[in-house]
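As a plain string of letters, each chain reads:
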Amino acid sequence: MTWVKTVAYDDASDRLRTLYDRVSGPGGKIDNIMMAHSLRPHTMEGHMALYKAVLHHFGNDVPKWVLETIGIYVSLLNGCAYCVDHHFAGLKRLLRGAERADRIRAALEAGRPSDALDRQTARALDYAEKLTRTPQAVSAADIQTLRDAGFTDGQILEINQVTAYFAYANRTVLGLGVDTAGDVLGLSPGDGTDPDNWTHG
C-alpha cells in the first residue's frame, strides 16, 4: 500500500479515526493516498482540504471534467499511475461513459490534447504541461494566451491551482510508494457546497 507505516482504522486515535470517518468511501474504505498520511493526521486534513478546494468546490467556474482532465494530464507527465487511474475513473463518471473519456486519455497519452479537446481546453492543458515540465519558463505571455482563449483571470487561477495540486499529490504518491491495491477508483467528495463534508461516493 505504501512504503511507510500506516495506522489501521481499529488502531487509530480518536482524531485520526474522526478523519478516517470523514474521508471514507462506501463500506468505510479509505483511499491509500489518505492512509499514507496516517502518522501525521494534520497533513491528511490539509491534503483533503486542498484537494476539495481545487477540484470539488462550488466556487470554481471551470467545469469539473476539465479540472479532472488537467489532473490526469499532469499525472501522466509526472508518471503517476495511481492518480491517473483514480482520476480517469472519475472522468468517466463525470462524462457518463467511457467512449469520450477514452478518446481524451489517448490524446493525453500521445501528448496531443487538441486531438480530443476544443481549442480553449487544449490551451489550458498546454499551460499545465509547461508549468509541470518547465515551471521556470512560464511567463505573463502564457497567462495572456489563456485570456485570449476565453478564460477569466479567476479561471486561470483555478487552472494554476489544480496543476499545482497534482504536482503535490503525484509526489506524495511517488515518494511514498502508494499503490491502488484495495482502493475503489473514481470516488470523490459529492457535496461541493460544504467544505467540511468530505463524504466520498
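Just above, that's the structure.
As the structure is a prediction and not an experimental result, all values here were calculated from the model. (Residues numbered from 1 in each chain as written. Predicted model: local features only at pLDDT ≥ 70, side-chain atom pairs only at ≥ 80, totals over all residues. Heavy atoms only, no water.)

Engineer: Describe in detail the overall build of the protein, supporting the description with residues and values.
Structural biologist: A count of helical and extended segments in the protein gives nine helices and zero strands. Listed N to C, the secondary structure of the protein is α-α-α-α-α-α-α-α-α in terms of helices and strands. Over its C-alpha trace the protein gives a radius of gyration of 17 Å, about what one expects of a compact globule, namely 17 Å for 201 residues. Considering the protein as a whole, with its 201 residues, one finds that 46% of them fall into the buried category. Taking contacts inside the protein between residues at least 6 apart in sequence as the whole, the part at least 24 apart equals 68%. Of the roughly 9500 Å² of accessible surface on the protein, a fraction of 52% belongs to carbon and sulfur atoms. Treating the 21 positive side-chain charges of the protein as one cloud and the 25 negative ones as another, the clouds have centres 2 Å apart. (Helix = DSSP H or I, 4+ residues; strand = E, 2+ residues; numbered from the N terminus. Rg over C-alpha atoms; globule rule 2.2 N^0.38 Å. Buried < 20%, exposed > 50% of the residue type's maximum accessible area, 1.4 Å probe, protein only. Contact = heavy atoms within 4.5 Å. Areas by Shrake-Rupley, 256 points an atom, 1.4 Å probe, with all protein chains shown as cover. Lys, Arg positive; Asp, Glu negative; His and termini not counted. Charge placed at Lys NZ, Arg CZ, Asp CG, Glu CD.)

Engineer: Quick rundown of the packing of helix α4 (residues 64-77) against helix α5 (residues 81-94)? Include the residues and the values.
Structural biologist: At a minimum axis distance of 9 Å, the contact between α4 and α5 shows a crossing angle of 155 degrees. As far as their axial angle goes, α5 and α4 are roughly antiparallel. Seen from above, α4 lies across α5 with left-handed handedness. In this structure, α4 contributes Lys64, Trp65, Glu68, Thr69, Ile72, Ser75 and Leu76 to the contact, and α5 contributes Cys83, Val84, His87, Phe88, Leu91 and Leu94. Partitioned by chemical class, the residues of the contact of α4 with α5 number eight nonpolar, three polar and two charged. (Axes fitted to C-alpha atoms, helices over the stretch in contact; angles between N-to-C directions. Parallel < 35°, antiparallel > 145°, perpendicular 65-115°, else oblique. Left-handed = near helix turned anticlockwise from the far one by under 90°. Nonpolar A, V, L, I, M, F, W, Y, C, P; charged D, E, K, R; others polar.)

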